[in-house]
Amino acid sequence: MASLSTTSLSFKAPSTTISQVLRKASSSQSVTFGRFTSSTKSLRLQISCAAKAETVQKVSDIVKEQLALAADVPLTAESKFSALGADSLDTVEIVMALEEKFNISVEESDAQNITTIQEAADLIEDLVQKKPAAETS
């Protein structure tokens, strides 16, 4: 079982530790702990943290407004700005609206990597978390 907080990740294994299991495995074996998979040659842990539904909804609302989409146009977290008809200027305007709404500043390099509602929401939550406490009050 893994637990995740904002600053740490820890694994709780029964009486046997992961390293003990890996030492027993031969080079061709794989060991699986739930979603944690490891071969003895390399360890890979993939963690996906999706943004809160509330943040995704706020981003969706801003995208609809900026692109003048009809209220009945369905948007999902995977909706791509380009598929919704956004050009590069529209994307810049979306990012500016997100900065204003969430009181954040998005670096140009980060802004260029935002192509979906989910990516925008994930970036927003990351930036909001990193803001100093004095700025968030």
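Residues numbered from 1 in each chain as written. Predicted model: local features only at pLDDT ≥ 70, side-chain atom pairs only at ≥ 80, totals over all residues. Heavy atoms only, no water.

We now examine the pattern of salt bridges. Taken as a whole and judged by the stated rule, the model has two salt bridges. Note that aspartate 126 is salt-bridged to lysine 130, the shortest N-O span being 3.2 Å. Pair noted here: aspartate 126 and lysine 130 are both in helix α5 (residues 117-130), with a separation of four residues, about one helical turn. On the accessibility criterion, lysine 130 (61% relative accessible area) is exposed. (Salt bridge = Lys/Arg side-chain N within 4 Å of Asp/Glu carboxyl O. Helix = DSSP H or I, 4+ residues; strand = E, 2+ residues; numbered from the N terminus. Buried < 20%, exposed > 50% of the residue type's maximum accessible area, 1.4 Å probe, protein only.)

The next thing to look at is helix α2 (residues 53-66). Here α2 contains 14 residues, and its C-alpha end-to-end distance of 20 Å stays within 8% of the 20 Å for a straight helix at 1.5 Å per residue. Every buried residue of α2 is listed here: Thr55, Val56, Val59, Ser60, Ile62 and Val63. Angularly, the buried residues of α2 cover 165° about the axis, an arc narrow enough to put them on a single face. Facing away from the buried side of α2 by more than 90 degrees, the exposed set consists of Ala53, Glu54 and Glu65. Check the buried side of α2 and you find it contacts α3 (88-102) and α5. The positive-phi residue at the C-terminal boundary of α2 is alanine 68, with phi of around 50°. (Expected span 1.5 Å × (residues − 1). Arc of directions from axis to C-beta. Contact = heavy atoms within 4.5 Å.)

With that settled, consider the packing of α2 against α3. Orientation of α2 relative to α3, taken along the N-to-C sense of each, is 135°, at an axis distance of 10 Å. Relative to α3, the element α2 is oriented oblique. Seen along the crossing, α2 lies across α3 with a hand that is right-handed. Where α2 abuts α3, its residues Thr55, Lys58, Val59, Ile62, Val63 and Gln66 lie against Glu93, Ile94, Ala97, Leu98, Lys101 and Phe102. Here the contact of α2 with α3 is built from residues that sort into seven nonpolar, two polar and three charged. (Axes fitted to C-alpha atoms, helices over the stretch in contact; angles between N-to-C directions. Parallel < 35°, antiparallel > 145°, perpendicular 65-115°, else oblique. Left-handed = near helix turned anticlockwise from the far one by under 90°. Nonpolar A, V, L, I, M, F, W, Y, C, P; charged D, E, K, R; others polar.)

Mapped onto this structure's residue numbering, the UniProt feature "modified residue: O-(pantetheine 4'-phosphoryl)serine" falls at Ser88. With respect to the helices, strands and loops of the structure, serine 88 is situated in helix α3. Residue class for serine 88 comes out exposed when judged on its relative accessible area of 62%. (UniProt positions renumbered as here; feature names shortened; annotations may be inferred.)

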